[in-house]
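The primary structure of each chain is shown beneath.
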Amino acid sequence: DAGVTQSPTHLIKTRGQQVTLRCSPISGHKSVSWYQQVLGQGPQFIFQYYEKEERGRGNFPDRFSARQFPNYSSELNVNALLLGDSALYLCASSLELVVGADFGPGTRLTVT
Amino acid sequence: AQSVAQPEDQVNVAEGNPLTVKCTYSVSGNPYLFWYVQYPNRGLQFLLKYITGDNLVKGSYGFEAEFNKSQTSFHLKKPSALVSDSALYFCAVRASSGSARQLTFGSGTQLTVLP
């Protein structure tokens, strides 16, 4: 079975641009969460979706938004990119509302 | 608010020796506790979790962790370290109930196993 998949693998954007990151959960998993991992730090929670509804939001500005589709895949959007948004963005999926989670390989975003 | 502390940024151990990576946590109510490993330029790989039951949890690749409620700790251990265990290790916690469904991670501990 395929694990959590994320696309693209790497992305380079300039300040002020917008970016969309994509995540496909493990088949059968209904919950998707997004985390930001800045170099040298632990992952920070951004969003959680379950059954296409937002179930949690971390301490991130409104420039960050997400959604979950009927097939449980998810997109994370970041508007008006800042240099500080450069990070590894991790997607995690789980059957229910997180009792452990399977993480994808991440999308490395570089903002120049 | 829930939090995790990994007091050691770096742990070095000789191959074949036992290893311990420390983690303490703070959470309201009963905790769910996790350990993940991250290799360079890779995502997080699940090692083990404590939900309830036996305080000693066994996980992947010979790793285990001991839940200590009185000390609010969940240290990761392995009896005999391998060079291939060298990686970045993260401890994470979430509350077993309530609205805080997200995982809160520590800052990570870089484990280096010396040949």
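In the block above lies the structure referred to throughout.
This text gives an overview of the structure that appears in the document. Keep in mind that what you see is a predicted model, and the values were worked out from it rather than measured.

A closer look at the overall build of chain B
Phase 1 of the analysis: When helices and strands are tallied, chain B shows zero helices and 12 strands.
Phase 2 of the analysis: The linear arrangement of helices and strands in chain B, starting from the amino end, is β-β-β-β-β-β-β-β-β-β-β-β.
Phase 3 of the analysis: Rg of the C-alpha trace for chain B: 14 Å, near the compact-globule value of 13 Å for 115 residues, within the 12% margin.
Phase 4 of the analysis: Across its three principal directions, the C-alpha atoms of chain B cover 45 × 30 × 20 Å.
Phase 5 of the analysis: Across the 115 residues of chain B, 44% fall into the buried class.
Phase 6 of the analysis: For chain B, the exposed surface amounts to about 5500 Å²; the carbon and sulfur share of it is 48%.
Phase 7 of the analysis: The distance from the centre of the 9 positive side-chain charges to the centre of the 7 negative ones in chain B is 11 Å.

Considerations on the packing of aromatic side chains
Phase 1 of the analysis: Overall, the coordinates contain 14 aromatic pairs over all chains when judged by the stated rule.
Phase 2 of the analysis: A ring pair is formed by Phe63(B) and Tyr89(B), whose centres lie 5.6 Å apart and whose planes are at 45 degrees; its orientation type is tilted. In this pair, Phe63(B) is assigned in the loop between β7 (56–58) and β8 (64–68) and Tyr89(B) in strand β10 (residues 87–95), connecting sequence segments 26 residues apart.
Phase 3 of the analysis: By relative accessible area, Phe63(B) is classed as buried at 2%.
Phase 4 of the analysis: Taking the relative accessible area as the measure of exposure, Tyr89(B) reaches 1% and is therefore buried.
Phase 5 of the analysis: Taken together, the ring pairs connect Tyr35(A), Phe45(A), Phe103(A), Phe34(B), Tyr36(B), Phe46(B), Phe90(B) and Phe105(B) into an aromatic cluster.

Basis of the calculations
Within each chain, residues carry numbers counting from 1 in the order of the written sequence. For this description, chains carry letters from A and ligands carry numbers from 1, given in the order in which they are written. Local features in this predicted model are restricted to residues of pLDDT 70 or higher, and side-chain atom pairs are both shown and tallied only at a pLDDT of 80 or more, whereas totals for entire chains, interfaces and linings draw on every residue. The side-chain figures draw on all heavy atoms in the structure; neither hydrogens nor water molecules are used. By definition, any uninterrupted DSSP run of H or I lasting at least four residues is a helix, any uninterrupted run of E lasting at least two residues is a strand, and each is numbered from the N terminus. Put simply, the radius of gyration uses C-alpha atoms, and a globule should come to 2.2 Å times the residue count raised to 0.38. Each residue gets one of three labels from its accessible area relative to the maximum for its type: buried under 20%, exposed over 50%, partly exposed in between, using a 1.4 Å probe on protein chains only. Surface accessibility follows the Shrake-Rupley procedure with a 1.4 Å probe radius. Residue values consider only the protein chains on display as shielding. Just so you know, the count uses Lys and Arg for positive and Asp and Glu for negative, and it drops His and the chain ends. We put the charge of a Lys on NZ, of an Arg on CZ, of an Asp on CG and of a Glu on CD. Between the rings of Phe, Tyr and Trp (Trp by its six-membered ring), a pair exists once the centres lie within 6.5 Å; its type follows the angle of the planes, with under 30 degrees stacked, over 60 edge-to-face, and the other angles tilted.

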